[in-house]
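Listed below, chain by chain, are the residues.
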Amino acid sequence: MAGSPNSNLRGFNHAVQTLLKQPTQFLPHLTISTITHLPENLGPHLVKQPPTSTATSSLTATSPRTPTIRALVLDKDNTLCPAKTTTFPPQILAKLSTLRTSPTSPFNQTKNPNSVLIVSNRAGSHATFDNEISELEAQLAHLQIPVFRLPAGAEKKPFCGDEVVAWFRDRGVVKDAGEIAVVGDRLGTDVLMAGMMGSWSVWCKEGVFEVGAVGKPGRNVLEKMEVWIEGALRGWGYTAPVPSGWEEGRKDI
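Being a predicted model, the structure only gives us computed values, none of them experimental.

Thresholds applied
- Residues numbered from 1 in each chain as written.
- Predicted model: local features only at pLDDT ≥ 70, side-chain atom pairs only at ≥ 80, totals over all residues.
- Heavy atoms only, no water.
- Buried < 20%, exposed > 50% of the residue type's maximum accessible area, 1.4 Å probe, protein only.
- Helix = DSSP H or I, 4+ residues; strand = E, 2+ residues; numbered from the N terminus.
- Contact = heavy atoms within 4.5 Å.
- Phe/Tyr/Trp six-rings, centres within 6.5 Å; stacked < 30°, edge-to-face > 60°.
- 1 Å grid on protein atoms, 1.4 Å probe; cavity = no way out; pocket = protein on both sides within 12 Å on 5 of 7 lines; lining within 4 Å.
- Points joined across faces, edges and corners; volume = space filled by probe spheres on them.
- Nonpolar A, V, L, I, M, F, W, Y, C, P; charged D, E, K, R; others polar.
- Axes fitted to C-alpha atoms, helices over the stretch in contact; angles between N-to-C directions.
- Parallel < 35°, antiparallel > 145°, perpendicular 65-115°, else oblique.
- Left-handed = near helix turned anticlockwise from the far one by under 90°.
- Expected span 1.5 Å × (residues − 1).
- Polar contact = N/O pair within 3.5 Å; in protein donor to acceptor, adjacent residues only side chain to side chain.
- Patch = residues over 30% accessible without salt bridge, like charges linked within 9 Å, V, L, I, M, F, W, Y side chains within 5 Å.
- Areas by Shrake-Rupley, 256 points an atom, 1.4 Å probe, with all protein chains shown as cover.
- Salt bridge = Lys/Arg side-chain N within 4 Å of Asp/Glu carboxyl O.

With that settled, the discussion passes to helix α6 (residues 187-197). Side chains that are three or four residues apart share a direction in an α-helix, a result of its 3.6 residues per turn. Counting buried positions along α6 yields nine of 11 residues, so the element is predominantly enclosed. Among all positions of α6, only Leu187, Gly188, Thr189, Asp190, Val191, Leu192, Met193, Ala194 and Met197 are buried. Among the structural elements, α1 (9-21), β2 (71-74), α5 (161-170), β4 (180-184), β5 (200-204) and α7 (221-235) are those in contact with the buried residues of α6. Just downstream of α6, Gly198 is the residue with a positive phi angle, here 85°.

Structure (structure tokens):
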């Protein structure tokens, strides 16, 4: 975990360059207000379904392949906890509990114990924040949700995607990145990392708190810019690109 604990200048520069050259990489595959709205069965929500037609025979109708999501990468700040804290709002802790204990959840901790991983640009990214790892994992011990430790020489999000994929693959959770969904509140780190990984992205547009919730902070400048960018790109007709290899039928997932 070498380097400055707070600087992510390369990540900012990469986001700017991507916006100029490949703006669709900023678009998530699914937008929800907070993680409490995350569907248990994510796959059908990540691909655009064709309009139904009674004139089309069910035998000849074609639908896009539906991804099977076997692993979740969860951002911490402003996705699970208010920024720079290790405090889980009750509704988010309840959602995590459901994901890990529901018998129908793909992320059930008994059936798929290593399927959920917190990847933060604070906790786990530098020794300065080791206390956050302890606090987070203590609160989530009953749900078996660990915090990713950035390996020596690796960089923060959005550049640590290969290491994250390897973490899941080494534990037998996934065969490739197309079985992973990255869930977070930032387009310039979480969504971009998902694209660089070859994974699917879920954007928590409101962060931790729903619109109008008591204690909900105002968006900072970068967050306001991202919301504007996402809206503008959608308005111009752009859509989120599917993970690399998906359209070519690389693998039936």
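As a further point, take unusual backbone geometry. Cis peptide bonds are those with omega within 30 degrees of zero, and the linkage from Lys157 to Pro158 qualifies with 10°. Its location among the elements puts Pro158 in the loop between α4 (130-139) and α5.

Counted according to the given criterion, the structure contains one aromatic pair. Between Trp167 and Phe168, the aromatic rings sit 5.1 Å apart at their centres with planes inclined by 85°, giving edge-to-face as the arrangement. Among the residues examined, Phe168 registers a relative accessible area of 0% and is labelled buried.

Okay, empty space enclosed by the protein next. Applying the stated rule across the entire model yields one cavity of 30 Å³ or more. By volume, the largest cavity is sized at about 50 Å³. Across the lining of the largest cavity, the residue classes break down as four nonpolar, four polar and two charged.

A separate point is the packing of α1 against α6. The packing of two helices is summarised by the inter-axis angle and the distance between the axes. Running from N to C, α1 and α6 point in directions that differ by 70°, and their axes come no closer than 11 Å. When the axis of α1 is compared with that of α6, the two are roughly perpendicular. In the packing of α1 onto α6, the handedness of the crossing is left-handed. Contacts from His14, Ala15 and Thr18 of α1 reach α6 at Gly188, Leu192 and Met196. Of the residues that constitute the contact of α1 with α6, the class distribution is three nonpolar, three polar and no charged.

This part covers α7. In this model α7 runs 21 Å from its N-terminal to its C-terminal C-alpha over 15 residues, within 8% of the 21 Å that 1.5 Å per residue would give. Considered for burial, the residues of α7 that qualify are Glu223, Glu226, Ile229, Glu230, Ala232 and Leu233. Residues of α7 that are buried sit in contact with α1, β1 (30-32), α6 and β5. The distance from a side-chain oxygen at the start of α7 to the backbone nitrogen of Leu222 is 3.1 Å, and the residue carrying that oxygen is Asn220.

Attention now goes to a nonpolar patch on the surface. Together, Leu9, Phe12, Val16, Leu20, Val221, Leu222 and Met225 make up an exposed nonpolar region whose accessible area comes to about 690 Å². No other element matches the four residues that α1 contributes to the nonpolar patch. Mapped onto the secondary structure, Val221 falls in helix α7. Among the residues examined, Val221 registers a relative accessible area of 60% and is labelled exposed.

Should the charged atoms of two oppositely charged side chains come close, the side chains can pair. Scanning the entire structure with this criterion turns up 12 salt bridges. Linking Glu179 and Arg70 is a salt bridge whose minimum nitrogen-to-oxygen distance equals 2.4 Å. In this pair, Glu179 is assigned in the loop between α5 and β4 and Arg70 in the loop between α2 (43-46) and β2, connecting sequence segments 109 residues apart. Classification of Glu179 as buried rests on a relative accessible area of 2%. Between Glu206 and Arg219 there is a salt bridge, and its shortest N-O distance comes to 3.2 Å. Within this pair, whereas Glu206 is found in the loop between β5 and α7, its partner Arg219 is found in the loop between β5 and α7, the two being separated by 13 residues in sequence. For Arg219, a relative accessible area of 30% corresponds to the partly exposed category.

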